[in-house]
Amino acid sequence: MAQVLPAEHDVRRIIGDGEEVADGEVDGLGDAALLDLYRGMVLLRTYDERSLVYHRQGRIGTYAIFWGHEAIQVGSALALADEDWIFPSYRESAIGLLRGMPPETVLSWWRGHPAGWWDPREYRVASIAVPIATHVPHAVGYAWGAKLKGELACAIAYFGDGATSEGAFHEGANFAAVMRAPAVLLCNNNQWAISTPLSAQTRAESLADKAAGYGMPGVRVDGGDVLAVYQATTEALARARAGEGPTFIEALTYRCAPHATADDPSVYWDAERVDEERRNECLGRYEGYLRRLGVLTDELAEEARADALARMKEGIAAAEALPPPDPDVVFAHAYVDPPPGLRDG
Ligand SMILES: Cc1ncc(C[n+]2csc(CCOP(=O)(O)OP(=O)(O)O)c2C)c(N)n1
Ligand SMILES: [Mg+2]
């Protein structure tokens, strides 16, 4: 029997604080790769901030904000090989942008337009899962299937702290470990499931501890540290490709935006903590690191922001230029034999 130790309780960090805590580094990450991570974070941050504006302008529908989660998404996605598959939740709706998906596709998804449903094979990004944790078994099944076919592809599933209370998460985790599926289970522990705090979610000391029950390693990283997430994901993928099975990564962060645009967190969250977390947000931390290293200049930072903004402007224009969908599309794949009311209407 493989012996699995309880999760690492120390939270892994690479980025220092610019004062007492020294910066570390990740083997194999040169300047170009460091800047790719930066550009990815700027792109997602810009996507998120613009989306909130578009929502307020009535140009997209309800939107799940991921401000402050960019380090988790970019650090893990950029550790993947091209052939690896991504299984996102609504919190990672724009992660396909890191694989070349145009912003108008994701913006169309939030507009409820059929152009927002892409072919998963094109980007190796599965459909956005809104039901909590249902995509964990999908990711694991994909990974197991790839292994059976002798392919090297891994799958990564993104889900939240609340998802770890769902049956589908436990089924997926067990299945992954038993089958030694090459999967990475990446939990964004942002401390909230809408208004339910982590303290009301579990009695486990850490979410990573849940991994031990299934016989897989549980790793804890600072989810505001893009390099720590990158490193932990790289190691998990190496294990998976070596035939050693899945890894559970708990990326610790704090949701310092509403759950989604329809939520009013002021009635349940601690405003002081939110202010503190916002001051310590992940993109600013990474910018500080790159500047201390002498890798990021004002010019490069401005270029990244301008490029991301231009892509968003083009994206919303392209999404709004699409003709409205045919209302019949709602029923197109719902019935083999439509009921009379629909058939005749
Ligand atoms: C199966 C299921 N039950 C309930 C919901 C309603 N719901 C939407 S988001 C959410 C909270 C999920 O929290 P968490 O897993 O921590 O993810 P986060 O939104 O914080 O990223 C719930 C309960 C749902 N979408 N699916
Ligand atoms: Mg959560």
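Coordinates for the structure precede this section.
Residues numbered from 1 in each chain as written. Chains lettered and ligands numbered in written order. Predicted model: local features only at pLDDT ≥ 70, side-chain atom pairs only at ≥ 80, totals over all residues. Heavy atoms only, no water.

A.B. asks: Report on the coordination of the magnesium ion (ligand 2), specifying residues and quantitative values.
C.D. replies: For the magnesium ion (ligand 2), every protein donor is listed as Asp161 (OD), Asn190 (OD1) and Trp192 (O), and the spread of their distances is 2.1 Å. Ordering the donors of the magnesium ion (ligand 2) by residue number gives the pattern D-x28-N-x1-W. In terms of burial, asparagine 190 and tryptophan 192 fall into one category: buried. (Donors = N, O, S within 2.8 Å, 3.2 Å for Na, K, Ca; no water. Buried < 20%, exposed > 50% of the residue type's maximum accessible area, 1.4 Å probe, protein only.)

A.B. asks: Residues and numbers for the packing of helix H1 (residues 31-56) against helix H11 (residues 298-321), please.
C.D. replies: Contact pair H1 / H11: the axes reach a minimum separation of 9 Å and the direction vectors enclose 45°. Compared by their axis directions, H1 and H11 come out oblique. Crossing handedness for the pair H1 and H11: right-handed. The residues of H11 that touch H1, namely those facing Leu35, Tyr38, Arg39, Val42, Leu43, Thr46, Tyr47, Arg50, Ser51 and Tyr54, are Leu300, Ala301, Ala304, Arg305, Ala308, Leu309, Arg311, Met312, Lys313 and Ile316. (Axes fitted to C-alpha atoms, helices over the stretch in contact; angles between N-to-C directions. Helix = DSSP H or I, 4+ residues; strand = E, 2+ residues; numbered from the N terminus. Parallel < 35°, antiparallel > 145°, perpendicular 65-115°, else oblique. Left-handed = near helix turned anticlockwise from the far one by under 90°. Contact = heavy atoms within 4.5 Å.)

A.B. asks: Quick rundown of the packing of aromatic side chains? Include the residues and the values.
C.D. replies: Ring pairs (aromatic) are described by centroid distance and by the angle formed between their planes. Scanning the model with the defined rule gives 14 aromatic pairs in all. With a centroid separation of 4.7 Å and 85° between ring planes, the pair formed by tryptophan 109 and tryptophan 110 is classed as edge-to-face. Looking at tryptophan 109, the relative accessible area reads 12%, which means it is buried. Each ring, one from tryptophan 109 and one from tryptophan 117, has its centre 6.0 Å from the other, and the planes form 40°; the classification is tilted. (Phe/Tyr/Trp six-rings, centres within 6.5 Å; stacked < 30°, edge-to-face > 60°.)

A.B. asks: Help me get a handle on the site of ligand 1, residues and values and all.
C.D. replies: Neighbouring ligand 1 are 16 residues; Tyr90, Arg91, Gly162, Ala163 and Trp192 lie closest to it. Alanine 163 places a polar main-chain atom, nitrogen or oxygen, 2.9 Å from an oxygen atom of ligand 1. Taken by itself ligand 1 offers 580 Å² of open surface, and the protein chains cover 72% of this. Residues of the shell around ligand 1, tallied by class, amount to eight nonpolar, five polar and three charged. (Near = heavy atom within 4 Å. Polar contact = N/O pair within 3.5 Å; in protein donor to acceptor, adjacent residues only side chain to side chain. Areas by Shrake-Rupley, 256 points an atom, 1.4 Å probe, with all protein chains shown as cover. Nonpolar A, V, L, I, M, F, W, Y, C, P; charged D, E, K, R; others polar.)

A.B. asks: So what about the environment of phenylalanine 248? Which residues, and what values?
C.D. replies: As for its position among the elements, phenylalanine 248 is in strand S7 (residues 247-252). Separated by 135 residues in sequence, phenylalanine 248 and histidine 113 place their C-alpha atoms 34 Å apart. With residues up to four places along the chain from it excluded, the contact list for phenylalanine 248 reads Phe159, Thr164, Phe169, Leu185, Cys187, Leu207, Ala208, Ala211, Met216, Pro217, Gly218 and Val219.

A.B. asks: Which residues make up the sheet that holds strand S1 (residues 85-87), and what values go with them?
C.D. replies: The five strands lie next to each other as S1-S2-S3-S7-S6, forming an open sheet whose pairing is parallel. One side of each edge strand has no neighbouring strand; the edge strands of this open sheet are S1 and strand S6 (218-222). Averaged over all pairs of adjacent strands, the angle between their axes in this sheet comes to 20°, without regard to strand direction. Strand direction decides the pairing type here: S6 and S7, joined by five bridges, are parallel. Residue valine 219 lies in a different strand from S7, and its bridge partner there is isoleucine 249. Sitting on the sheet, helix H5 (residues 135-148) touches S1, strand S2 (155-160) and strand S3 (183-189), and the angle it makes with S2 is about 170°. Together, S2, S3, S6 and S7 form the strand contacts of helix H8 (residues 226-241), whose direction differs from that of S6 by roughly 160°. (Pairing = 2+ DSSP bridges.)

A.B. asks: Before we move on, could you go through the packing of helix H2 (residues 70-77) against H8 and cite the residues and values that matter?
C.D. replies: Between H2 and H8, the least distance of the axes is 7 Å, while the angle of their chain directions is 40°. The chirality of how H2 crosses H8 is right-handed. Residue-level contacts link Ala71, Ile72, Val74, Gly75 and Ser76 of H2 to Val226, Val229, Tyr230 and Thr233 of H8. Its residues assigned to classes, the contact of H2 with H8 comprises six nonpolar, three polar and no charged.

A.B. asks: Lay out the nonpolar core with the relevant residues and their values.
C.D. replies: Core analysis: the largest hydrophobic core is formed by 78 residues, its most contacted members being Tyr38, Tyr47, Trp110, Leu227, Tyr286 and Leu290. When residues in this core are grouped by element, the largest group, ten residues, is from H1. With residues near it in sequence (within four places) discarded, leucine 227 still touches Ile14, Ile15, Val26, Leu29, Leu34, Leu37, Tyr286 and Tyr289. (Core = buried A, V, L, I, M, F, W, Y, C linked by side-chain atoms within 4.5 Å.)

A.B. asks: Explain a negative patch on the surface to me, using residue names and the numbers behind them.
C.D. replies: A cluster of acidic side chains, namely Asp270, Glu272, Asp275 and Glu276, defines a negative patch on the protein surface. Relative to the assigned elements, glutamate 276 resides in helix H9 (residues 271-279). (Patch = residues over 30% accessible without salt bridge, like charges linked within 9 Å, V, L, I, M, F, W, Y side chains within 5 Å. Salt bridge = Lys/Arg side-chain N within 4 Å of Asp/Glu carboxyl O. Lys, Arg positive; Asp, Glu negative; His and termini not counted. Charge placed at Lys NZ, Arg CZ, Asp CG, Glu CD.)

A.B. asks: Mind laying out the pairing of S2, listing which residues take part and the relevant values?
C.D. replies: With five of its six residues buried, S2 lies for the most part within the structure. When S1 meets S2, the two strands line up parallel, connected through three bridges. Opposite phenylalanine 87, over in S2, you have alanine 157 as the bridge partner. When S2 meets S3, the two strands line up parallel, connected through six bridges. When the sheet's bridge partners are listed, alanine 157 is paired in S3 with leucine 185. Handedness of the crossover joining S2 and S3 through helix H6 (residues 167-178): right-handed. (Right-handed = clockwise from strand over helix to strand, strands pointing away.)

A.B. asks: Can you explain the pattern of salt bridges? Please cite residues and give values.
C.D. replies: Overall, the coordinates contain 20 salt bridges when judged by the stated rule. Among the charged side chains, a network of salt bridges with common partners joins Glu287, Arg291, Asp298, Glu302 and Arg305.

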